[in-house]
Amino acid sequence: MGKELQQALWEAGFDAFAVMPAGPVERMLPVLQQALDEDRYPAFVERDVRRRIDPRNLQPSAKTVITLAVSYNIGPPQAAPPLHGAVSRYAWGLDYHRVLGERLDRVISHLRENWGARECTKAVDTTFLVDRALAVESGLGFPGSNCSVYVPPYGSWVFLGALLVDVELPQFRPEKAGSWSCPVECDLCIKACPTQALFAPGKIQPGRCLSYLTQMSGAIPAEYRRKLGCRLWGCDICQQACPLNKEAALTRHREFAPVVGPHVPLLTLLESSKGEFAEMFGPTPMGWRGKNILQRNACLILGNQGEKAALPVLEKTAQEHASPLVREAAAWAVEQLS
Ligand code: SF4
């Protein structure tokens, strides 16, 4: 790959990158089909598995795919203090969709000016493509047993993105190119999962995953409420359990330093207005989910923590909150504390 393109990608703020021709990632097909057959797809995911494996279904003119990774590893958190909820490491700082989107814009400008690109499509988490399959196929990283992609030397503490480009670019695989299997012979991540959502290497039942549950609409099923512990948003347990992740390099990007995380005061969150919530959480990846979902989670955590000091606010919430979802969660918490 031209040194100047590598330089441009690094300067745009990407820690690792790979370049491959645009085409179907056939090896992903049986994996996706099996997940579909076993009903392991969340409702919002595209069902047409063949469509998901070929970037040209998103941009028919695509000739090249650049896969990219940005580390967000700020370091491990302390345990959450009483009356606080824990936020997953990826969500402590600014919203990565925006941060990566702006960086990709810089790359697109470079490709237009220097490589004659006319059409480029950004893919960060929100398209039907399987970003992890693209990352692995291109050699950017390898898949861990915990379903995350590992990008040396940053572990799985990375945001992934891809850029589809309508010109041919020289192919490039990083020196420590990935393979299609986890190199560590252990099942620590599977053993650590509190809900058995992760039930075999590379296999997950999303409906049981605490990360999914903290983001879902509606009431969190009773069987998972205790297992939520103090998790307000996301769950890092299967990533933290991994020996490779303990050695991972720290991030150079200040955008991912804590804005609200790693711990959020729950009583303040419960009493916050829509405006106060937007001010606190709006810049982060949690902002899009809205106040009621976070307040629902806050109630359940307070019920789990057993701190009686939370009772007055919970009782008030159970009676007066505008959302039936939050009222129900608060009433459940009051029951746990009484
Ligand atoms: Fe299990 Fe948590 Fe990993 Fe989900 S994120 S699979 S709940 S350990």
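About the criteria used
Residues numbered from 1 in each chain as written. Predicted model: local features only at pLDDT ≥ 70, side-chain atom pairs only at ≥ 80, totals over all residues. Heavy atoms only, no water. Axes fitted to C-alpha atoms, helices over the stretch in contact; angles between N-to-C directions. Helix = DSSP H or I, 4+ residues; strand = E, 2+ residues; numbered from the N terminus. Left-handed = near helix turned anticlockwise from the far one by under 90°. Contact = heavy atoms within 4.5 Å. Nonpolar A, V, L, I, M, F, W, Y, C, P; charged D, E, K, R; others polar. Core = buried A, V, L, I, M, F, W, Y, C linked by side-chain atoms within 4.5 Å. Buried < 20%, exposed > 50% of the residue type's maximum accessible area, 1.4 Å probe, protein only. Domains from an automatic or database assignment. Salt bridge = Lys/Arg side-chain N within 4 Å of Asp/Glu carboxyl O. Phe/Tyr/Trp six-rings, centres within 6.5 Å; stacked < 30°, edge-to-face > 60°. Lys NZ or Arg CZ within 6 Å of the ring centre and 35° of its normal. 1 Å grid on protein atoms, 1.4 Å probe; cavity = no way out; pocket = protein on both sides within 12 Å on 5 of 7 lines; lining within 4 Å. Points joined across faces, edges and corners; volume = space filled by probe spheres on them. Buried area = accessible area lost by both parts, 1.4 Å probe. Parallel < 35°, antiparallel > 145°, perpendicular 65-115°, else oblique.

### Let's talk about the packing of helix α14 (residues 311-320) against helix α15 (residues 324-337)
Then step 1. Closest axis-to-axis distance for the α14/α15 pair is 7 Å, and the angle between their directions is 140°. α14 and α15 meet at a crossing whose hand is left-handed. Contacts between α14 and α15 pair Leu-311, Leu-314, Glu-315, Thr-317, Ala-318 and Gln-319 from the former with Val-326, Arg-327, Ala-330, Ala-331, Ala-333, Val-334 and Leu-337 from the latter.
Then step 2. In the contact of α14 with α15, the residues fall into 9 nonpolar, 2 polar and 2 charged.

### So, the nonpolar core
Then step 1. Phe-14, Ile-66, Leu-111, Leu-163, Val-165, Leu-232 and Leu-314 are the most contacted members of the largest nonpolar core, which has 70 residues in total.
Then step 2. Residue contributions to this core reach at least three from each of two domains, namely domain 1 (3-74 + 94-165) and domain 2 (188-337).
Then step 3. Setting aside its immediate chain neighbours within four residues, Leu-232 contacts Gly-85, Ala-86, Val-87, Thr-214, Val-264, Leu-266, Leu-269, Leu-294, Asn-297, Ala-298 and Ile-301.
Then step 4. Ile-53, Phe-128, Leu-129 and Val-130 belong to the second largest nonpolar core, which has 21 residues in total.

### Here we look at unusual backbone geometry
Both trends apply: most residues other than glycine have a negative phi, and most peptide bonds are in trans.
Then step 1. Pro-152 connects to Pro-153 through a cis peptide bond whose omega is 0°.
Then step 2. Structurally, the position occupied by Pro-153 is in the loop between β6 (149-150) and β7 (158-165).
Then step 3. Look at Asp-39: it is not a glycine, yet its phi comes out positive at around 55°.
Then step 4. Mapped onto the elements of the fold, Asp-39 is located in the loop between α2 (29-37) and α3 (49-52).
Then step 5. Judged by its relative accessible area of 56%, Asp-39 is exposed.
Then step 6. We note that Gln-196 has phi near 60°; this positive angle belongs to a residue other than glycine.
Then step 7. Mapped onto the secondary structure, Gln-196 falls in the loop between α6 (188-192) and β8 (198-200).

### Examining the pattern of salt bridges
Then step 1. Per the stated rule, a full pass over the model turns up 10 salt bridges.
Then step 2. Taking the shortest distance from any N to any O, the salt bridge between Arg-56 and Asp-54 comes out at 2.9 Å.
Then step 3. With relative accessibility at 35%, the residue Arg-56 sits in the partly exposed group.
Then step 4. A residue is classified by how much of its surface remains accessible, and Asp-54, at 10% relative accessible area, is buried.
Then step 5. Note that Glu-328 is salt-bridged to Arg-225, the shortest N-O span being 3.0 Å. One end of the pair, Glu-328, is in helix α15; the other, Arg-225, is in helix α8 (residues 222-225), with 103 residues separating them in the sequence.
Then step 6. The class for Glu-328 is partly exposed, based on a relative accessible area of 37%.

### Thoughts on the packing of aromatic side chains
Then step 1. Enumeration over the complete set of coordinates arrives at 8 aromatic pairs.
Then step 2. With centroids separated by 4.7 Å and ring planes inclined at 20°, the aromatic side chains of Phe-277 and Phe-281 adopt a geometry described as stacked. Here Phe-281 and Phe-277 lie together in helix α12 (residues 274-281), a separation of 4 residues that amounts to about one turn. Exposure class is identical for Phe-277 and Phe-281. Each is buried.
Then step 3. Grouped by ring-pair contacts, the aromatic residues Tyr-72, Tyr-90, Tyr-96, Trp-157, Phe-159 and Phe-256 constitute a single cluster.
Then step 4. For the cation-ring pair, Arg-51 lies above Phe-128, with the distance from its terminal atom to the ring centre recorded as 3.8 Å.
Then step 5. Just above the ring of Trp-10 sits the side chain of Arg-252; from NZ or CZ to the centre is 3.6 Å.

### Here's the deal with empty space enclosed by the protein
Then step 1. Summed over the entire model, instances satisfying the criterion amount to 1 cavity of 30 Å³ or more.
Then step 2. Roughly 80 Å³ of internal volume is contained in the largest cavity.
Then step 3. If you go around the largest cavity, the residues you meet are Gly-144, Ser-145, Asn-146, Tyr-150, Cys-182, Val-184, Cys-186, Leu-188, Cys-189, Cys-242, Pro-243 and Leu-244.
Then step 4. Of all the secondary structure elements, the ones that give two or more residues to the lining of the largest cavity are α6 and α10 (243-246).
Then step 5. In terms of residue class, the lining of the largest cavity is made up of 9 nonpolar, 3 polar and no charged.

### Things to note about the domain arrangement of the protein
Then step 1. Assigned domains of the protein: these are domain 1 (3-74 + 94-165) and domain 2 (188-337).
Then step 2. Once you take the C-alpha centre of each, domain 1 and domain 2 turn out to be 27 Å apart.
Then step 3. Note on domain 1 versus domain 2: buried area summed over both sides is about 2,800 Å², and carbon and sulfur give 59% of it.
Then step 4. Along the contact surface separating domain 1 from domain 2 lie 2 salt bridges.
Then step 5. Where the side of domain 1 that touches domain 2 is concerned, the elements lending two or more residues are β2 (64-71) and α4 (96-115).
Then step 6. If you tally residues by element for the side of domain 1 that touches domain 2, the top one is α4, at 4 residues.

### Some words on the packing of helix α1 (residues 3-11) against α4
Then step 1. Direction vectors running N to C along α1 and α4 enclose 160°, while the axes themselves pass 9 Å from each other. For the element pair α1 / α4, the angle class is roughly antiparallel. In terms of crossing hand, the pair formed by α1 and α4 is right-handed. The segment α1 lies against α4, with Glu-4, Leu-5, Ala-8, Leu-9 and Glu-11 engaging Arg-106, Val-107, His-110, Leu-111, Asn-114 and Trp-115.
Then step 2. Grouping the constituent residues of the contact of α1 with α4 by class yields 6 nonpolar, 2 polar and 3 charged.

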